[in-house]
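A closer look at the structure
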Amino acid sequence: MASPPLIDPFGRHVTYLRVSVTDRCDFRCVYCMAEDMTFLPKRDLLSLEELDRVCSAFIDKGVRKIRLTGGEPLVRKGIMTLVESLSRHLKSGALDELTITTNGSQLAKYASELVHHGVKRINVSVDTLDETKFRAITRWGELPKVMQGIRAARDAGLAVKINAVALKGVNEHEIPEMVRWAHGEGMDLTLIETMPLGDIDGDRTDQYLPLSQVRAGLMDQFTLEDIPYKTGGPARYARIAETGGRLGFITPLTHNFCESCNRVRLTCTGTLYMCLGQEDAADLRTPLRASEGNQLLDIAIDEAISRKPKGHDFIIDRTHNKPAVSRHMSVTGG
Ligand code: SAM
Ligand code: SF4
């Protein structure tokens with residue numbers, strides 16, 4: 001018998017699970033991580049089989065979309081085994097979409113396998129088209145390798161959406177060029193405001209660029225028309241008349257989107273965060289490991305959803321320059 005759907009105390013239907021399959025990464029983006037990070041010991045991680053079990057329990061409860069993220073999902077050893085096993089839910093029709101968010105560094109290697117396992121669209125994060133700046137933002141990344149990955153993904157038939165974090169004084173003046181590039185290549189572009197998650201080496205007030213400001217600047221060069229397009233995520237989209245492409249805005253700070261939140265986030269250790277911006281969490285690893293059946297896990301998931309908070313309280317200004325939550329985006333999964 002199908003389980004009852006996951007509905008939180010505010011009547012929101014939870015249909016989207018994001019899974020951070022690893023907190024590790026081959027980049028060290030300045031807004032995401034400190035240069036010197038301590039990662040979780042490997043023994044604390046859920047195995048790929050356990051991740052599959054938790055994802056499948058959520059699918060039984062009505063989750064229709066799963067996004068694998070991290071850290072960098074494609075650096076987790078054996079990750080294609082998980083993609084392959086989850087693809088059975090696409091085949092059965094229980095899942096509408098299986099997708100990933102990646103920094104693109106390993107895409108050339110994995111693009112065709114992703115397509116083979118039913119992945120249709122992916123998000124790739126690129127904050128700048130300038131090789132030197134790219135190195136400065138990611139500390140360890142190489143832009144040509146990422147571009148090669150994007151090409152391989154598109155050649156393999158994947159639709160690619162580019163995500164870019166808007167950074168004051170860094171890529172601020174490059175955004176029109178990024179719009180032209182992404183749209184010229186037939187890719188959507190989504191801009192993201194920096195969120196105060198985890199300690200980084202710098203001050204976030206120096207990085208924060210409100211997207212309301214970016215949008216106003218873009219309107220000097222482009223005609224933006226708001227459209228109702230939705231991908232199941234929090235972005236609000238506009239069509240740019242001059243390029244014909246779609247531009248998304250993820251604005252957790254200037255425009256809170258919590259009222260329509262349909263998602264929860266699972267970490268690689270089996271902790272479920274019901275909100276990206278709150279500390280409250282549920283341990284799913286203990287019930288998962290306590291028995292072979294899913295009864296305890298199901299109870300723990302239902303209990304967690306009954307505690308999903310109304311929303312986050314992100315603020316970034318000179319008086320609020322500490323992280324809203326102590327964990328990094330790479331732990332919870334962006
Ligand atoms: N490594 C993959 C990547 O970079 O796409 C997946 C994980 S990453 C944490 C997911 C997304 O979160 C990326 O687009 C990244 O730019 C964004 N991100 C990371 N830290 C952020 C922060 N503090 N505020 C806003 N976005 C952030
Ligand atoms: Fe790694 Fe993605 Fe975080 Fe950059 S944003 S450090 S690529 S997890």
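For the structure itself, look to the data block above.
Notes on the structure in this doc start here. For clarity, every value in this text was computed on a predicted model and none was experimentally measured.

Buried within helix 3 (residues 107-116) we find Leu 107, Tyr 110, Ala 111 and Leu 114. What you see down the axis of helix 3 is that its buried residues fit within an arc of 130°, all on one side. The exposed residues of helix 3 that point more than 90 degrees off its buried face are Lys 109, Ser 112 and His 116. With its phi angle positive at about 90°, Gly 118 sits one or two positions after the end of helix 3.

Moving on to the sheet that holds strand 3 (residues 97-102). Within the open sheet, the twelve strands sit side by side as 7-8-9-6-5-4-3-2-1-10-11-12. Their pairing is mixed. With partners counted over all chains shown, the strands left at the sheet margins are strand 7 (224-227) and strand 12 (281-283), one partner each. Direction aside, neighbouring strands of the sheet carry axes that sit 25° apart on average. Where helix 1 (residues 48-60) meets the sheet, its contacts fall on strand 1 (16-20), strand 2 (65-69), strand 10 (263-266) and strand 11 (271-273), and the angle it forms with strand 1 comes to roughly 170°. Its contacts with the sheet put helix 2 (residues 79-92) on strand 2 and strand 3, and the angle it makes with strand 3 is roughly 150°.

As a further point, take the pattern of salt bridges. A full pass over the atoms with the stated rule returns 13 salt bridges. Across the pair Lys 61 and Asp 302 runs a salt bridge whose closest N-O atoms are separated by 2.8 Å. Taken together, the positions of Lys 61 in the loop between helix 1 and strand 2 and Asp 302 in helix 10 (residues 295-305) put the pair 241 residues apart, joining distant regions of the chain. A relative accessible area of 3% places Lys 61 in the buried class. The partly exposed category is assigned to Asp 302, whose relative accessible area is 36%. The salt bridge partner of Arg 64 is Asp 96, with a shortest N-O separation of 2.6 Å. Taken together, the positions of Arg 64 in the loop between helix 1 and strand 2 and Asp 96 in the loop between helix 2 and strand 3 put the pair 32 residues apart, joining distant regions of the chain. For Arg 64, a relative accessible area of 31% gives the class partly exposed. Judged by relative accessible area, Asp 96 falls into the exposed class, the value being 54%.

What the rule picks out here adds up to two aromatic pairs. Ring centres of Phe 27 and Phe 134 lie 6.0 Å apart, and the angle between their planes is 90°; on these two criteria the pair is classed as edge-to-face. Here Phe 134 lies in helix 4 (residues 131-138) and Phe 27 lies in the loop between strand 1 and helix 1, a separation of 107 residues in the sequence. Neither residue differs from the other here; Phe 27 and Phe 134 are each classed as buried. With 4.9 Å between their ring centres and 80° between their planes, Tyr 229 and Tyr 237 make a pair best called edge-to-face. You can call Tyr 229 partly exposed: its relative accessible area is 24%. For Tyr 237, a relative accessible area of 3% gives the class buried. A cation over a ring is seen here: Lys 65 above Tyr 16, with NZ or CZ 4.7 Å from the ring centre. For the cation-ring pair, Arg 246 lies above Tyr 229, with the distance from its terminal atom to the ring centre recorded as 3.7 Å.

A contiguous patch of negative charge on the surface is contributed by Asp 130, Glu 131, Glu 142 and Glu 177. Following the sequence through the fold, Asp 130 ends up in the loop between strand 4 (121-125) and helix 4.

Conventions we followed
Residues numbered from 1 in each chain as written. Chains lettered and ligands numbered in written order. Predicted model: local features only at pLDDT ≥ 70, side-chain atom pairs only at ≥ 80, totals over all residues. Heavy atoms only, no water. Buried < 20%, exposed > 50% of the residue type's maximum accessible area, 1.4 Å probe, protein only. Helix = DSSP H or I, 4+ residues; strand = E, 2+ residues; numbered from the N terminus. Arc of directions from axis to C-beta. Pairing = 2+ DSSP bridges. Axes fitted to C-alpha atoms, helices over the stretch in contact; angles between N-to-C directions. Contact = heavy atoms within 4.5 Å. Salt bridge = Lys/Arg side-chain N within 4 Å of Asp/Glu carboxyl O. Phe/Tyr/Trp six-rings, centres within 6.5 Å; stacked < 30°, edge-to-face > 60°. Lys NZ or Arg CZ within 6 Å of the ring centre and 35° of its normal. Patch = residues over 30% accessible without salt bridge, like charges linked within 9 Å, V, L, I, M, F, W, Y side chains within 5 Å. Areas by Shrake-Rupley, 256 points an atom, 1.4 Å probe, with all protein chains shown as cover. Lys, Arg positive; Asp, Glu negative; His and termini not counted. Charge placed at Lys NZ, Arg CZ, Asp CG, Glu CD.

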